[in-house]
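One-letter residues, chain by chain:
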Amino acid sequence: GPEPDARLGLAFPEGFGWGAATSAYQIEGATKDDGRGESVWDTFSHTPGKTRNGDTGDIAVDHYHRYPQDLDLMRDLGLRSYRFSISWPRIQADGTGEPNQRGLDFYRRLVDGLHERGIEPMATLFHWDTPQALQDKGGWASRATAYRFADYAEAVYAALGDAVPVWLTINEPKTVVQNGYIQAHHAPGIPDEPTAYQVAHHLQLAHGLAVQRLRGMNSNIRIGPAFNLHPCYPADDSPEALAATRLYDGYENRLYLDSALRGHYPADVLAAQGPDSPFAKSIQDGDLEIINTPVDLLAVQYYTPIYVKGDGSTEQRHATTKAFWQQIYPEGMYDILTRVHRDYGPIPLTVTENGLPCPDVLGPENDIDDVERVAFLRDHFAAAHRAIGDGVPLESYHVWSLLDNFEWDQGYEERWGLIYVDYATQQRILKRSARWYQRVIAENAV
Ligand code: GBH
């Protein structure tokens, strides 16, 4: 077939927000600098057997110290938007109390550096690094944590609100629920399915409280949630598969979307959990109104579809990537964008994550020929382009990730970056995909 970087001739709307995304614990390192406290990911990654090769985020890609160089790389790529997250334990070491000025100063330097280079900052308030001190008091299983989060959000916004035009509350509440509490291969690693949905409710409540609080500080703020959504398809057309797919969609998508954007939990999920479940019992009068506080945009993260069989199990239909859970299906991007627009719009949309891990072998001339990533991004960009053509108000698209980084329980083995990091030297090297993306951005076309 044609070269993966051949042009498709698809022009994007003027000013489209081409971007890349990262998160604090995955890139910053410097876990003891400037008064940072510990998070559940410090604890988890330092617990033997929890991460591949015992990898931790202690050093990661040392972005905390190397951010000026990383900012220059973003400028070289031509990024229009950069999505990063703020580390809660840098701002409040124990998750409560007076904000730590040295922690805030780091993010001030970062956002100033973005503006100097003409890049729009997009800040996520929480990307899974719950302060360990709050975990010791119950973490997200405790309702109090939602109120602590709103206090933290207020402190961050007071310090940085003037310089960050777009805010996201909680990255992927579903992943905390499913990976932190059901499968428990993410921090805090507590396998307790009933509690998991109580955690879901408190994460949603925290989102709503933070939106309320920040909107009270500035009615012009732009803020929204960031959900990883999975289009769910029946594996066959039996009534059993259709019913199982519907419920699967409830847990994967509607649990979060319906509560935040429609003010109710899906009836099928509520019924499946039951009236005496920790989930049902954690919901207090007025909570859904808080969770449903109006938002200004909806952030969608898409990686893979799910095919559901009549017995509720899933099956693989497409080629996978180096991440066993990821099937390559660009059409899913079109399906999820058009679906949220139809069911929850009109509301501006942003893609805040999409990408894949590649083998990324360093070549003889320090080249990384990641043709698989070029083809993947090209096809997903094309699907987003088609959704825009069909009326979806998509304003920006952030590739996961800017740099290779600490991929949670998978450690450093999975490389997700546009930019290669040689972990021995911390040298950054643009992959073929980064050079390809540079041209996409410059031409505003795929
Ligand atoms: C995103 O999660 C994260 O926001 C980001 O930090 C991460 O680096 C990136 O994607 C790449 O993974 O054992 O079946 O539960 C994406 C959601 C959560 C989906 C972890 C896969 C593990 C597979 N992912 N989950 S499973």
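The rules behind each value
- Residues numbered from 1 in each chain as written.
- Predicted model: local features only at pLDDT ≥ 70, side-chain atom pairs only at ≥ 80, totals over all residues.
- Heavy atoms only, no water.
- UniProt positions renumbered as here; feature names shortened; annotations may be inferred.
- Near = heavy atom within 4 Å.
- Polar contact = N/O pair within 3.5 Å; in protein donor to acceptor, adjacent residues only side chain to side chain.
- Areas by Shrake-Rupley, 256 points an atom, 1.4 Å probe, with all protein chains shown as cover.
- Nonpolar A, V, L, I, M, F, W, Y, C, P; charged D, E, K, R; others polar.
- Pairing = 2+ DSSP bridges.
- Helix = DSSP H or I, 4+ residues; strand = E, 2+ residues; numbered from the N terminus.
- Axes fitted to C-alpha atoms, helices over the stretch in contact; angles between N-to-C directions.

Naming follows an unreviewed UniProt entry, where the protein chain appears as Beta-glucosidase of Phytohabitans aurantiacus. Annotation of the protein chain in UniProt includes, under Sequence similarities (unreviewed entry), the sentence "Belongs to the glycosyl hydrolase 1 family."

This paragraph deals with the site of the ligand. Neighbouring residues of the ligand: 19 residues in total, closest Gln26, His127, Asn179, Glu353 and Glu407. For the ligand, an oxygen atom lies 3.2 Å from a polar atom in the side chain of tryptophan 400. Protein contact buries 88% of the 580 Å² of open area that the ligand shows by itself. Here the residues of the shell around the ligand sort into 7 nonpolar, 9 polar and 3 charged.

Before going further, it helps to examine the sheet that holds strand β11 (residues 394-400). In space, the 8 strands of this closed barrel follow the order β1-β2-β3-β4-β5-β7-β10-β11, with parallel pairing throughout. Looking at each pair of strands side by side, their axes are set apart by 25° on average, direction ignored. By the bridge criterion, 5 bridges tie strand β2 (residues 81-85) to strand β3 (residues 120-126) in an arrangement that is parallel. Bridge pairing links serine 81 to glutamate 120 in β3.

This part is about unusual backbone geometry. Here the amide bond leading from alanine 187 into proline 188 is cis, since omega sits at 5°, within 30 degrees of zero. Structurally, the position occupied by proline 188 is in the loop between α8 (173-182) and α9 (193-217). Cis geometry is found at the peptide bond from glycine 345 to proline 346, where omega equals 0°. Mapped onto the fold, proline 346 is located in the loop between α14 (331-344) and β10 (349-353). One non-glycine residue, aspartate 34, lies in the positive phi region at around 55°. Residue position: aspartate 34 is located in the loop between α1 (24-27) and α2 (40-45). Phi at asparagine 444 takes a positive value of approximately 50°, unusual for a residue other than glycine. In this structure, asparagine 444 sits in the segment after α16 (432-443).

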